[in-house]
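# Structure at a glance
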Amino acid sequence: MSLRFRLNLLLTLLFIAVLCAGSSYAIISARKTVTEEIQSAALLTSNMLGASISTIQGSEDQGLYDRLLSELSKLETTRHLQILISLDLGVGTALPLQPALPLDADAPAWFVNLVKPPVMEFKRVFTSTGGTGTEIIIRADPSAEIDEAWLETRNFLLLLLLFTALANLLIYIILGRDLAPIEAILTGLERIEKGDYRLQLPKFTSIEFSRISARFNHLAGVLLQNREENRRLTRRSLEIQEEERRRLAQELHDELGQSLSAIKAIATSMEQPGAKNGRHAIESAGLIKTTADNMYGAARRMIRQLRPAVLDELGLVPAVQQQVDEWNSAHADTFCHLDIKADCSAAADAVKINIYRIIQESLTNVARHSSAKNVYISLASSEDKSSSLELKIGDDGQGFDPDRTRKGMGLPGIQERVDSMGGEFRLVSGRNNGVNITIILPLIPDETADT
């Protein structure tokens, strides 16, 4: 059941309730009005007749008596009343029972039954000067009053019914128009679910839906940007992976291949006739030892690049200290200041290797882009969060504008590492103001963090 249908059904039921309440009020009001009008007319007539009879009996004028009966006979079918006259009654004789006046109203029977008042009857008896008795009965006739009440009630009910129908139709149309953007939003969400992030919703007439449209378009733009960034990172990651494989293959070919070829050549020369004197053997053994040392050194360098052995053997702090010392030895124009105050023994292995790689990548970025004279690295326990490490890396180089400068692989890669650990990454930089990075990593990585 759609929202539009539910709202329209609710409003329809509300209007029906209002219509029923209005109909009940109109019928009750009509019944009260008819009763009051008929009672008032009948009572007024009875009182006036009583006054006239008292006057005639006081004067004992037969002429007044005759004129009164003549006038009453003319009023037997007057509006709202039925007047019955019985003449020449003996003393103590009652007027025979007269049938009730039938209702002659044009209103529907159901309305007549609902609003008709109870039967009202007033009697007046007086004696003429000749000694004869006269009884006058006044009965209320609500037919005309019921007709008037029906006309008023019918018009009121028709107006109320027309208002209900028009209001319901208008609300149905307005709801259909105002809720139409829901379909467009649902369609947009389905396309977003399928990966179509280029969709842009239009600006709707409703302020609320326009705000939803703006936020939806912003969300689609962010998702599109993130997808493109992820694709770029994936391509760059694959490129780096291939470059690393090519470099390792080249080093294996240049270092190990040449060394193995030299060892093979030395061994071959030792097998030649006349090469078995002691001096030649000693020289050949020395060459083999030198070549083996070179091979061992090349292998250690490649192993260190793949995984720093000192990190597993001595821990994070000595590994970072060695890393910084080697970097300072290789960069005479820039000096890295290291300050470690944290106890990193409780940190998980994943946190340790990420801190090591983050420092490594940061130093590489400084050497390539910053033109800095000093680099400052500090590692301490976080003041904001317990069981967390706070890593700060800053330099006094040329800096950059984060809003205008396209980030290279270095900073997004660092941020990806931090996000994968469930940490926080903050970057502050500006033209000629250097770069300052603050990273907070938990000692135990968050397993629910995005990877």
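Throughout, a residue's number is its position along its own chain's written sequence, starting from 1. In view of the model being predicted, local features appear only for residues whose pLDDT reaches at least 70, and side-chain atom pairs are presented and counted only at 80 or more, with totals across whole chains, interfaces and linings using the full set of residues. Only hydrogens and water are set aside when side-chain values are computed; all heavy atoms of the structure are taken into account.

## Let's talk about the overall build of the protein chain
To keep things clear, this is the line we draw: Runs of E in the DSSP output that reach at least two residues are strands. Runs of H or I that reach at least four are helices, and both are numbered from the N terminus. We call a residue buried when its accessible area falls under 20% of the maximum for its residue type, exposed when it is over 50%, and partly exposed in between, using a 1.4 Å probe and counting protein chains only. The contact rule is simple, with two residues in contact once any of their heavy atoms fall within 4.5 Å. Only the protein chains shown count as cover for residues, with accessible areas throughout obtained via the Shrake-Rupley method and a probe of 1.4 Å.
The helix and strand inventory of the protein chain stands at 11 helices and eight strands. A buried classification covers 35% of the 451 residues belonging to the protein chain. Taking as baseline every contact in the protein chain between residues at least 6 positions apart, the subset at least 24 positions apart corresponds to 70%. Within the structure as shown, the protein chain displays about 28,100 Å² of accessible surface, and the carbon and sulfur contribution to it stands at 56%.

## Some details on the pattern of salt bridges
To keep it simple, the criterion reads: Counted as salt bridges are all cases of a side-chain nitrogen of Lys or Arg within 4 Å of a carboxyl oxygen of Asp or Glu.
For the structure on display, the rule yields four salt bridges. Across the pair Glu390 and Lys392 runs a salt bridge whose closest N-O atoms are separated by 4.0 Å. Glu424 is the salt-bridge partner of Arg426, the closest N and O atoms lying 3.3 Å from each other. A relative accessible area of 38% places Arg426 in the partly exposed class.

## So, the packing of helix α10 (residues 349-370) against helix α11 (residues 410-420)
Rules: Only C-alpha atoms enter the line fits that serve as axes; for helices the fit covers just the stretch in contact. Angles between N-to-C directions range over 0 to 180 degrees. For classification purposes, angles smaller than 35 degrees are called roughly parallel, those larger than 145 roughly antiparallel, those between 65 and 115 roughly perpendicular, and all remaining angles oblique. Each crossing gets its hand from how the near helix is turned against the far one by less than a right angle, where anticlockwise is left-handed and clockwise is right-handed. Note on residue classes: Ala, Val, Leu, Ile, Met, Phe, Trp, Tyr, Cys and Pro are nonpolar, Asp, Glu, Lys and Arg are charged, and everything else, Gly too, is polar.
The geometry of α10 relative to α11 is characterised by a closest axis approach of 10 Å and an angle of 165 degrees between their N-to-C directions. As summarised for this structure, α10 and α11 are arranged roughly antiparallel, according to the angle between their axes. Relative to α11, the crossing made by α10 is left-handed. Along the contact surface, α10 presents Asn354, Arg357, Ile358, Glu361, Ser362 and Asn365, while α11 presents Gly410, Leu411, Ile414, Arg417 and Val418. Partitioned by chemical class, the residues of the contact of α10 with α11 number four nonpolar, four polar and three charged.

## Brief notes about unusual backbone geometry
Positive phi, normally seen in glycine, also occurs at Ser371, with a value near 55 degrees. Among the structural elements, Ser371 can be located in the loop between α10 and β5 (374-381). On the basis of relative accessibility, which here comes to 61%, the residue Ser371 falls in the exposed class. If you check the backbone angles, Asn432 has positive phi at about 65 degrees while not being a glycine.

## Focus: the pairing of strand β4 (residues 335-340)
Stated formally: Two strands pair under a simple rule: DSSP has to find at least two bridges between them. For a crossover, the right-handed case is the one in which the path from the first strand over the helix to the second runs clockwise, viewed with the strands pointing away from the viewer.
Where β4 meets β5, six bridges bridge the pair, whose relative direction is parallel. The residue bridging Ile340 from the neighbouring strand is Leu379, located in β5. In the classification by handedness, the crossover that spans β4, the intervening α10 and the parallel β5 is left-handed.

## Section: the nonpolar core
Rules: To qualify as a nonpolar core, a set must consist of buried Ala, Val, Leu, Ile, Met, Phe, Trp, Tyr and Cys residues joined through side-chain atoms within 4.5 Å.
Residues Ile355, Leu391 and Ile439 are the most contacted members of the largest nonpolar core, which totals 38 residues. The set of elements that each furnish at least two residues to this core consists of α8 (309-313), α9 (316-330), α10, β5, β6 (388-395), α11 and β8 (435-442). Per element, the largest residue contribution to this core is eight residues, and it comes from α10. Setting aside anything within four residues of it in sequence, one finds Ile355 in contact with Leu316, Leu379, Leu389, Leu391 and Leu441.

## Comments concerning a nonpolar patch on the surface
Filter applied, for reference: To count toward a patch, a residue needs a relative accessible area above 30% and no salt bridge. Like charges then connect within 9 Å, nonpolar side chains (Val, Leu, Ile, Met, Phe, Trp, Tyr) within 5 Å.
Side chains of Phe5, Leu9, Leu13 and Ile16 sit close together on the surface and give an oily, nonpolar patch of about 360 Å² of accessible area. Checked against the element boundaries, Ile16 lands in helix α1 (residues 3-59).

## A closer look at the sheet that holds strand β7 (residues 424-429)
An order of β4-β5-β6-β8-β7 is seen for the five strands of this open sheet, with the pairing classed as mixed. Pairing within the sheet leaves two strands with one partner each, and these edge strands are β4 and β7. With strand direction ignored, the average angle separating the axes of adjacent strands in the sheet is 10 degrees. The sheet contacts of α9 involve β4 and β5, and relative to β4 the element is tilted by about 165 degrees. Packed on one face of the sheet, α11 meets β7 and β8 and runs near 150 degrees to β7.

## Details of the pairing of β8
Extensive coverage of β8 is indicated by the burial of seven of its eight residues. Pairing of β6 with β8 involves seven bridges; the strand directions are antiparallel. Bridge pairing in β8 places Gly394 opposite Asn436. Here β7 pairs with β8 via six bridges, running antiparallel. Across the sheet, Phe425 pairs through a bridge with Ile439, a residue of β8. Hairpin connection of β7 to β8: five residues between the antiparallel strands, including Asn432 at a positive phi of 65 degrees.

## Here we look at the environment of Arg215
Along the chain, Arg215 falls in helix α6 (residues 207-271). Among the residues examined, Arg215 registers a relative accessible area of 59% and is labelled exposed. Taking C-alpha positions, Arg215 is 9.8 Å from Leu201, a pair spaced 14 residues apart along the chain.

## Considerations on the packing of α9 against α10
The interhelical angle for the contact between α9 and α10, taken along N-to-C directions, is 15 degrees, at an axis separation of 10 Å. Our classification of the angle between α9 and α10 gives roughly parallel. Every pair of crossing elements has a handedness; the one defined by α9 and α10 is right-handed. Facing Leu316, Ala319, Val320, Gln323 and Trp327 of α9, the residues of α10 in contact are Lys352, Ile355, Tyr356, Ile359, Gln360, Leu363, Val366 and Ala367. A class-by-class count of the residues in the contact of α9 with α10 yields 10 nonpolar, two polar and one charged.

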